[in-house]
Amino acid sequence: IAALNSGYWSTPTIFDAYRKGATAAGQKHKKDRFAYLAMVGVGETEEEGHRRADQILDYSRMTPRALRQLQMPPGLAPPEVIGRELKNPSTRSITLRDGSKAPMGTSSVDECIDAGIAFAGTPDTVYEQIKEFHEHVGGLGHLLMMGQGGHISHEDTVANLTLFSREVLPRLKEL
């Protein structure tokens, strides 16, 4: 199962439901059955990693600005859910660890890190954030990294992915 930007609040519930269902079906649920997508910005400094994450996060920040019918295309959810959402548009938000909400369209990098939507900073900081999230959700076998998007440049994308690959990825094997 892959959870996409569901953060600290929703991911454990999603993963626990999968574990419960797998157990009820007599199936195993090792860590390699769990994946999580997060925005990731890595830099030589905290500021550089946050700047890259900020640019990537603009991809998600734009979603609430899109026409409502484009946010909920046919097939994304059951028709009754789509109908309800189109009739009663809600403000998209992220849930911070303390349970408070931040609007998705204007959320800061720090809020997205707090929510578990993004991991950002130096390689050491990013590793520690991923490790903490990994432990919080009961383990995951796959990190689906969104290391590009928004308006990050090609050069920053390459540097971001390269730094992650060299400095963070090898350490994730410990988890």
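Residues numbered from 1 in each chain as written. Predicted model: local features only at pLDDT ≥ 70, side-chain atom pairs only at ≥ 80, totals over all residues. Heavy atoms only, no water.

### Examining helix α7 (residues 154-172)
Alright, step 1. In this model, α7 (19 residues) spans 25 Å end to end at C-alpha, consistent with the 27 Å of a helix rising 1.5 Å per residue.
Alright, step 2. Residue Ser165 marks the point of greatest curvature in α7, where the axis turns by about 40°. (Helix = DSSP H or I, 4+ residues; strand = E, 2+ residues; numbered from the N terminus. Expected span 1.5 Å × (residues − 1). Bend = angle between axes of the 7 residues up to and from the residue.)

### Topic: the confidence of the model for the chain
Alright, step 1. In this model, the chain carries a mean pLDDT of 89, and residues with pLDDT of at least 70 account for 90%.
Alright, step 2. When pLDDT is averaged over each helix and strand of the chain, the minimum, 66, is found for helix α3 (residues 68-71) and the maximum, 98, for strand β5 (residues 118-121). (pLDDT = per-residue confidence, 0-100.)

### A short note on the packing of helix α1 (residues 7-24) against helix α6 (residues 123-136)
Alright, step 1. α6 packs onto α1 with a crossing angle of 40° between their chain directions and a minimal axis gap of 10 Å. The angle between α1 and α6 falls in the class oblique. Of the residues in α6, those in contact with Gly7, Tyr8, Thr11 and Pro12 of α1 are Gln129, Glu132, Phe133 and His136.
Alright, step 2. Taken together, the residues that form the contact of α1 with α6 break down as 3 nonpolar, 4 polar and 1 charged. (Axes fitted to C-alpha atoms, helices over the stretch in contact; angles between N-to-C directions. Parallel < 35°, antiparallel > 145°, perpendicular 65-115°, else oblique. Contact = heavy atoms within 4.5 Å. Nonpolar A, V, L, I, M, F, W, Y, C, P; charged D, E, K, R; others polar.)

### Overview of the packing of α6 against α7
Alright, step 1. In contact at an axis separation of 10 Å, α6 and α7 are set at 40° when each is read in the N-to-C sense. As judged from the angle between their axes, α6 and α7 are oblique. Note that α6 runs across α7; the crossing there is right-handed. Together, Pro123, Asp124, Val126, Tyr127 and Ile130 of α6 and Leu163, Phe164, Glu167, Val168, Arg171 and Leu172 of α7 make up the contact between the two elements. (Left-handed = near helix turned anticlockwise from the far one by under 90°.)

### Side note on the nonpolar core
Alright, step 1. Tyr36, Ile94, Phe119, Val126 and Phe164 are the most contacted members of the largest nonpolar core, which has 37 residues in total.
Alright, step 2. When residues of this core are traced back to their parent elements, those giving at least two are α1, β2 (35-42), α2 (46-62), α5 (109-115), β5, α6 and α7.
Alright, step 3. Leaving out residues up to four positions away in the same chain, Ile94 has contacts with Ser100, Lys101, Ala102, Met104, Ser107, Glu111, Cys112, Ala115 and Ile117. (Core = buried A, V, L, I, M, F, W, Y, C linked by side-chain atoms within 4.5 Å. Buried < 20%, exposed > 50% of the residue type's maximum accessible area, 1.4 Å probe, protein only.)

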